[in-house]
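# Secondary and tertiary structure notes
If you want the building blocks of each chain, they are given just below.
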Amino acid sequence: GESVGLHLPTLSVQEGDNSIINCAYSNSASDYFIWYKQESGKGPQFIIDIRSNMDKRQGQRVTVLLNKTVKHLSLQIAATQPGDSAVYFCAEREWGGKLIFGQGTELSVKP
Amino acid sequence: EAQVTQNPRYLITVTGKKLTVTCSQNMNHEYMSWYRQDPGLGLRQIYYSMNVEVTDKGDVPEGYKVSRKEKRNFPLILESPSPNQTSLYFCASSSDRTNEKLFFGSGTQLSVL
């Protein structure tokens with residue numbers, strides 16, 4: 001899985017399967033977390049966010065889980081589709097407001 | 001359509017030749033920011049602005065200038081570009097004065113020779 005500051009990992013899944021993309025964050029005082037999707041040649045696109053007072057948040061086909069004990073964030077995509085192929089990266093907002101972005105995980109969906 | 005528009009999309013220039021990358025948003029957003037994206041480093045903030053005439057340095061402001069004379073526009077200026085400023089640049093905006101739920105532009109790929 002992804003960690004803020006490491007090389008870009010890749011995840012390959014079959015169309016229709018569920019995808020889980022992981023992110024380890026660094027600051028236990030971070031109060032806000034966000035997932036972005038970046039398709040080739042495009043800017044990052046907001047997917048879902050979660051505040052530190054929550055453990056789970058669901059959107060349309062996506063769920064974000066936050067485990068503050070181990071400083072871990074995950075993005076679950078249900079019934080993955082070819083259009084989900086992209087780079088996904090997380091960001092944490094540190095105390096003081098600075099956003100720290102991870103480098104991302106490349107998701108490849110096989111038809 | 002709500003969007004953040006950057007121009008140009010691609011730019012090749014030479015060292016020392018001043019350039020401006022424009023950014024405009026049509027969502028009446030207060031917060032705007034510039035990022036650069038480099039392989040292995042992720043997105044890094046250059047400058048941000050929480051309102052008109054208010055700008056602040058981000059993590060990597062050296063060699064860049066910005067201005068916020070109008071709410072919708074936030075140009076990025078490179079007075080004397082150098083090869084280490086070759087990068088993919090993104091402008092982003094947000095509806096409140098925080099950096100939550102940023103809307104990003106499509107990017108400007110800059111090459112400084």
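Numbers given to residues run from 1 along each chain, matching the order in which its sequence is written. By the order in which they are written, chains take letters starting at A while ligands take numbers starting at 1. Restriction of local features to residues with pLDDT of at least 70 applies here, the model being predicted, together with a cutoff of 80 or more for giving and counting side-chain atom pairs; totals for whole chains, interfaces and linings are based on all residues. Just so you know, side-chain values use all the structure's heavy atoms and leave hydrogens and water out.

Strand pairing in a sheet relies on backbone hydrogen bonds. The paired strands run either parallel or antiparallel. All names here are of chain B. In short, DSSP must find at least two bridges between two strands for them to pair. What counts as a helix is a DSSP run of H or I of at least four residues, what counts as a strand is a run of E of at least two, and both are numbered from the N terminus. With respect to topology, 4 strands assemble into an open sheet ordered E1-E3-E8-E7, the strand pairing being antiparallel. At either margin of the open sheet sits one strand with a lone partner, and together these are strand E1 (4-7) and strand E7 (65-66). Where E1 and strand E3 (residues 19-25) come together, 4 bridges link them in antiparallel fashion. Bridge pairing in E3 links Asn7 to Thr22.

It is worth spelling out the confidence of the model for chain A at this point. All names here are of chain A. Confidence in the prediction of chain A, expressed as mean pLDDT, is 91, and 94% of residues score 70 or more. Per-residue confidence from the prediction method is given by pLDDT, with values spanning 0 to 100. The secondary structure element of chain A with the lowest average pLDDT is strand E1 (residues 2-3), at 46, and the one with the highest is strand E6 (residues 56-58), at 98. Counting interchain partners and residues more than four positions distant, the pLDDT-below-50 stretch residues 1-6 has 22 contacts. In this analysis, two residues are considered to be in contact whenever any of their non-hydrogen atoms come within 4.5 Å of each other.

Any two cysteine sulfur atoms within 2.5 Å of one another count as a disulfide. Enumeration over the complete set of coordinates arrives at 2 disulfides over all chains. The disulfide that involves Cys23 of chain A links it to Cys90 of chain A, with 1.7 Å between the sulfurs. Placement of Cys23 of chain A in strand E3 (residues 19-24) and of Cys90 of chain A in strand E9 (residues 86-93) is noted, with a sequence separation of 67 residues between them. Accessibility classification places Cys23 of chain A together with Cys90 of chain A in one group, the buried group. Here Cys23 of chain B engages in a disulfide with Cys91 of chain B; their sulfurs sit 1.9 Å apart. Three exposure classes are used, based on accessible area relative to the maximum for each residue type with a 1.4 Å probe and protein chains only: buried under 20%, partly exposed in between, and exposed over 50%.

Facing the 19 residues of chain A at the interface are 17 residues of chain B. Roughly 1400 Å² of surface becomes buried between chain A and chain B when both sides are summed, with 48% attributable to carbon and sulfur atoms. Basic side-chain nitrogens of Lys or Arg form a salt bridge, by our definition, when they fall within 4 Å of a carboxyl oxygen of Asp or Glu. At the junction of chain A with chain B, the criterion picks out 3 salt bridges. Taking the shortest distance from any N to any O, the salt bridge between Lys98 of chain A and Asp59 of chain B comes out at 2.9 Å. Here a polar contact is recorded for every N or O atom pair within 3.5 Å, except that within protein the pair must consist of a potential hydrogen donor and a potential acceptor, and residues adjacent in sequence are included only if both atoms are side-chain atoms. Our count for the contact surface shared by chain A and chain B stands at 8 residue pairs in polar contact (both at pLDDT 80 or more). The set of elements that each furnish at least two residues to the side of chain A that touches chain B consists of strand E4 (32-38), strand E5 (45-51), E9 and strand E10 (99-101) of chain A. No other element matches the 4 residues that E4 of chain A contributes to the side of chain A that touches chain B. Here the quantity called buried area is the total loss of accessible area, with a 1.4 Å probe, experienced by two parts when brought into contact, counted for both.

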